[in-house]
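Here is how the chains run, residue by residue.
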Amino acid sequence: MRRRLLPALSALTAGSLLLAGCGPGSGPAATQVTAPTDVAKCDPAKSTLTISHQPPAAEAVAVAKQRMAARYPNLKINVNALQTKTYDEFTRAVVADIAVGKRPDLIISGLGQIRFWMEQYKPAPIDAAALPATYRKQFLSAGTLDGKVYVAPAQVSVPMMAVNQTLLRKAGAGDAAGIRTYDDLIAAARKVTAMTRRPSVTVATYNIPDWLSQGFVQGAGGTFVTGDGRPAFGDKLGGDAISLWSRLKREDLELGIVMDADSQAAFAGGTAAFLMTSSASIAGLQKSIGDSFEWMPVDLPTVNGQRGPMPAGGNGWLVLSDDPCRAAFANTMIGDLLSTDGVMAASGTSYSYIPVDSAAAERLLASDAATPQTKYAWGYDRELTPWGGWRRGEVTGQIVDAFRTMAQRLQSGADAGPTIQTAVRAIDSLVSG
Amino acid sequence: MRILSRAAVIVAICGAVAVSLFPFYWMVRTSVAPADETFSQGISWVPTRIDLSGYGRAWTSGELGRAMVVGLVQTLGILALQLVTCVPAAYVLAKVRNRATGVALTMVLVGLLVPSQVTLIPLFVGVNVLGIADSISGLILPFCTSTFGIYLIRQQIMSIPDALLDAARADGLGHVRRLTSVVIPIAAPGIAAFSVFSVFAHWNEYLWPLLAVRSAELRTPPLALAAFQQADVGYDYPALTAGAVIVTAPIVVLFLLAQRQFVHGMSGTEITE
């Protein structure tokens, strides 16, 4: 008994150790997508559609799933509702699924990650003609790359500035709507800071430094990325636009907060009078602020007062199917996701995304949930550009890191010129391979 | 002088307790405060009014009830398997001395140095090959043993005098009986301490469930709380903190129940021959 038991216990030990530390090798490689076929030629009973999405899209997916079930009762739809907090986390999870052969047919993609998906996983272009007639086609530019629409924007946002109007009034710093330039902002911030005796502006540097930088440059009428995906913000206008962080720091007007959530908290708590963030956060800010003070979202101020096109943030739907029929069903489902009901679910009333459907926008603006703050997002109707647009999608994460480093150095008072040029060189080297 | 030094010690301990408990107090305070008081200027120790709507949102939108059942099954399943694998392994490594166990012990020590993130992708591929991804088995099986558990329990078993086990063997007890009748009762504090560690770690684990789970029905408590921490739309702090209170409560109760064993296990108790 003892002789048999010892090897058994030893084997158990060895097995435990192996299970604790080891695992099998890598999964299958990514395959190229085939173009969708005519959906009428496909048998729904022979297809299973798999959708992966993040929490804010859950309501729209429920609407679309119901409509698809009514249209194709025999089509099975699997929904992977990933509980990720950021688009980066979501992308990693979907990439992991693809690596083990579980490629979803339809995913939500951050609008800043289109190049990554296009280059790495070759999605089929969206059938833009199949989108509902009320879909606001001007937003398709945010999902277009090399002339093809790969992503149908769904929950869209723009960089904006939230202003504590109550504090401005108390400090005699004028009106939020009057702040068009950096000089206007700095003049108002000086007055608020003089009254509160602490920095009054917060422009976080960790989560969306590339997107905000793009907003600063394009808002001033500058070029952020060249047509062939290289950095173009190294010129004088770009440098002046991005140097906002260091200008604010020089005058001790910026709070130095790095995380966007903390930045929003500083604004909601009344510590910061000026917050630069995404218009998607308006609904959340409204809930947090309540009636504590009067505030307004306004366009980002720019270095020269111009109002150039903002980069579109948020997300959109992308077809990843490697099967023509599933791709066709996925395209049909995008039509349902972006129907008026789908967009109503995706954009309001608990969210403040810019509605991509004109009928939904009208309904939201006429609803009881429309406030002066949410109207900024729900009524946004200006031109948008794609987020980023860098060459070599596989270095997207490293490019964001380069912007993060640049923004945090500027935020801590580094000299703007050399810091921005260092970022330009680093990004150019990344995209040049 | 002695009274003064005692008072200083008591003040220091009270200060440490206050610092440790403050985050919990603030979590509870935020969970019951109206949303517009979450970040109000200055420190308001007590909310102006009690607003429990965050608990409602956490329970309904976050589906915390279901998540906690999943978390319980996952955590207890992992613990049961870890005890089944770690205790015998620890016994062998502590009391069976030969070249194989020496090598195995070295592997355990090396395993302790490997960060869990390093094994994440191989494990993910593994559970997919086995067809247990997005299942409760996929949440449990990758953690069916623990090098930390083996090492901690081994150290506890090492303190049992060999003479005691020799006496048990002289009485005709085999390895299994020695393990169950002699070793486990004596090593119970160490096993309890490891159990508390294991339950804490897996109840709070975010990364593996995030990677392994796709179905809403299999969300664990940390995944359920992620619904209130969306970088894109901002955080719902009252619901997030309310959810954190609900999710933390069982762990606090467990710790209070197992506190004595935990401290005993961590401090180690020598048995003299």
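Refer to the structure printed above.
Fair warning: this is a prediction, and the values are worked out from it, not measured in the lab.

J.: Looking at this structure, how should I read the pairing of strand β10 (residues 295–299) of chain A?
T.: Side-chain direction in a regular strand flips from residue to residue, so the side chains alternate between the two faces of the sheet. Residues and elements named next belong to chain A. In terms of burial, β10 is largely enclosed, as four of its five residues are buried. Of the pairings in the sheet, the one linking strand β7 (residues 159–164) to β10 comprises five bridges and is antiparallel in character. Residue pairing for β10: M160 is matched across the bridge by D299.

J.: What am I meant to see in the interface of chain A and chain B here?
T.: It is common to report an interface's size as the accessible area lost on association of the parts. Contacts between chain A and chain B engage 58 residues on the former and 51 residues on the latter. In this assembly, chain A packs against chain B so that about 4,300 Å² is buried in total across both faces, 62% of it on carbon and sulfur atoms. Here chain A and chain B share one salt bridge between them. A salt bridge links R214(B) to D97(A); its shortest N-O distance comes to 2.6 Å. Remark: the boundary between chain A and chain B carries ten residue pairs in polar contact (both at pLDDT 80 or more).

J.: What exactly am I supposed to notice about the state of the cysteines here?
T.: Between two cysteines, a covalent bond joining their sulfur atoms is known as a disulfide. Evaluated as defined, the whole model comprises one disulfide over all chains. Residue pairing for C42(A): its cysteine sulfur links by disulfide to C325(A), the two sulfurs lying 2.1 Å apart. On the sign convention where negative means left-handed, the S-S torsion of about -90° between C42(A) and C325(A) marks this disulfide as left-handed. Of this pair, C42(A) sits in the loop between α1 (2–21) and β1 (48–53) while C325(A) sits in helix α12 (residues 324–337), placing them 283 residues apart in sequence. The structure places no disulfide on C86(B), whose sulfur is separated from the nearest cysteine sulfur, that of C144(B), by 8.7 Å.

J.: I would appreciate a short explanation of the pairing of β7(A) in the present structure.
T.: Residue and element names in this part refer to chain A. In terms of burial, β7 is largely enclosed, as six of its six residues are buried. Burial along β7 is two-sided: the residues P159, M161 and V163 and M160, A162 and N164 are all buried. Inspection of the sheet shows β7 paired to strand β9 (residues 274–278) by five bridges, in the antiparallel sense. Counted as the bridge partner of P159 is S278 from β9.

J.: Sorry if this is basic, but what is going on with the sheet that holds strand β3 (residues 106–110) of chain A here?
T.: Residue and element names in this part refer to chain A. If you trace the five strands from one edge of the open sheet to the other, you get β2-β1-β3-β12-β6, paired in mixed fashion. Whereas interior strands pair on both sides, the edge strands pair on one side only; in this sheet they are β2 (76–81) and β6 (151–157). Put simply, the sheet's adjacent strands are angled 20° from each other on average, direction ignored. Two elements, β1 and β2, share six bridges in a ladder whose sense is parallel. Counted as the bridge partner of T50 is N78 from β2. Helix α2 (residues 58–71) contacts β1, β2 and β12 (313–319) of the sheet and is inclined by roughly 175° relative to β2. Along the sheet, helix α4 (residues 114–121) makes contact with β3, β6 and β12, crossing β3 at roughly 135°.

J.: Is there a simple way to think about the packing of helix α3 (residues 64–95) of chain B against helix α9 (residues 175–203) of chain B in this case?
T.: Helix-helix packing is characterised by the crossing angle of the two axes and by the distance between the axes. All names here are of chain B. Running from N to C, α3 and α9 point in directions that differ by 140°, and their axes come no closer than 9 Å. With respect to their mutual orientation, α3 and α9 come out oblique. Helix-helix and strand crossings are classified by hand; for α3 and α9 the assignment is right-handed. Mapping the contact onto sequence places M68, G71, L72, Q74, T75, I78, L79, Q82, L83, V87, P88 and Y91 in α3 and H175, R178, L179, V183, I184, I191, F194, S195, S198, V199, H202 and W203 in α9.

Cut-offs and rules
- Residues numbered from 1 in each chain as written.
- Chains lettered and ligands numbered in written order.
- Predicted model: local features only at pLDDT ≥ 70, side-chain atom pairs only at ≥ 80, totals over all residues.
- Heavy atoms only, no water.
- Buried < 20%, exposed > 50% of the residue type's maximum accessible area, 1.4 Å probe, protein only.
- Helix = DSSP H or I, 4+ residues; strand = E, 2+ residues; numbered from the N terminus.
- Pairing = 2+ DSSP bridges.
- Contact = heavy atoms within 4.5 Å.
- Buried area = accessible area lost by both parts, 1.4 Å probe.
- Salt bridge = Lys/Arg side-chain N within 4 Å of Asp/Glu carboxyl O.
- Polar contact = N/O pair within 3.5 Å; in protein donor to acceptor, adjacent residues only side chain to side chain.
- Disulfide = S-S within 2.5 Å.
- Axes fitted to C-alpha atoms, helices over the stretch in contact; angles between N-to-C directions.
- Parallel < 35°, antiparallel > 145°, perpendicular 65-115°, else oblique.
- Left-handed = near helix turned anticlockwise from the far one by under 90°.

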